[in-house]
Amino acid sequence: WLKRKATRALHPDPCWKRAEHCRGAMSSTLIWECIKGNSSFIRKSTNMPIMSAEKGNLCGLNSFKFSALANSKVCDVSSTRKGSNEKIILTTRHSKASRAARPGSMLLQSGLKKQTKKALAQLKKATEGSFCRRDLLELAEKKYQKVKTSFKKKKLVFKSRRAGK
């Protein structure tokens, strides 16, 4: 480790520093061109569009518009379940560029209210802010409604043995 430290001290602008600096400067179109054909998140089946299983992908389609890896601003609505507790989660991308380079802390998750009026206000506030895209607001609202209806349980109807005779 001493030799490595000495060689770094000799070069005032080492190439490892330049590569680290340029990593965040890749454009989103270049990233998309690299990952659109081969990504570990792609799911293909016959007679179906190519789907994507990446976190933050609003529609699950493998396209530049919905890709969370290629775009700098992400918006997704999903559900989580812990025991009997069901939650609706809004996923956005971290605003700091330094967090974009770390896959573990790249995406932020925050809870949405189950009351429709308040949740739609939360979605609107998030998209009008700097974290999400306004063009995905309508799709996010539709997905919120679908996730919320998926939480509804079917009521069991018991027939009375006494009634109906």
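Look up: the structure comes first, before these words.
So, here is what we can say about the structure in this document. A quick note: this is a predicted structure, and the numbers were derived from the prediction, not measured. (Residues numbered from 1 in each chain as written. Predicted model: local features only at pLDDT ≥ 70, side-chain atom pairs only at ≥ 80, totals over all residues. Heavy atoms only, no water.)

### Points about the overall build of the protein chain
Okay, so step 1: A count of helical and extended segments in the protein chain gives six helices and five strands.
Okay, so step 2: N-terminal to C-terminal, the α/β element order of the protein chain is α-α-α-β-β-β-β-α-β-α-α.
Okay, so step 3: Counting all 165 residues of the protein chain, 25% fall into the buried class.
Okay, so step 4: The long-range share in the protein chain, meaning contacts at least 24 apart out of those at least 6 apart in sequence, stands at 42%.
Okay, so step 5: Accessible surface, the protein chain as shown: approximately 12,700 Å² in total, 56% of it carbon and sulfur. (Helix = DSSP H or I, 4+ residues; strand = E, 2+ residues; numbered from the N terminus. Buried < 20%, exposed > 50% of the residue type's maximum accessible area, 1.4 Å probe, protein only. Contact = heavy atoms within 4.5 Å. Areas by Shrake-Rupley, 256 points an atom, 1.4 Å probe, with all protein chains shown as cover.)

### Remarks on the pattern of salt bridges
Okay, so step 1: The final tally for this structure, using the stated rule, is six salt bridges.
Okay, so step 2: With its nearest N and O atoms 3.9 Å apart, the salt bridge here joins Arg81 to Glu86.
Okay, so step 3: Given the relative accessible area of 13%, Glu86 is considered buried.
Okay, so step 4: The salt bridge involving Lys153 is made with Glu86; its shortest N-O contact spans 3.2 Å. (Salt bridge = Lys/Arg side-chain N within 4 Å of Asp/Glu carboxyl O.)

### Comments concerning the sheet that holds strand β3 (residues 75-82)
Okay, so step 1: What the three strands build is an open sheet, ordered β3-β4-β5; its pairing is antiparallel. Looking at strand neighbours, the two that pair on one side only are β3 and β5 (107-112), the edges of this open sheet. On average, adjacent strands in this sheet sit at an angle of 35° to one another, irrespective of strand direction.
Okay, so step 2: By the bridge criterion, six bridges tie strand β4 (residues 85-93) to β5 in an arrangement that is antiparallel. Looking at the pairing, Ile89 lines up with Gly111 of β5.
Okay, so step 3: Seen against the sheet, helix α6 (residues 137-150) touches β3, β4 and β5 and runs at an angle of roughly 15° to β3. (Pairing = 2+ DSSP bridges. Axes fitted to C-alpha atoms, helices over the stretch in contact; angles between N-to-C directions.)

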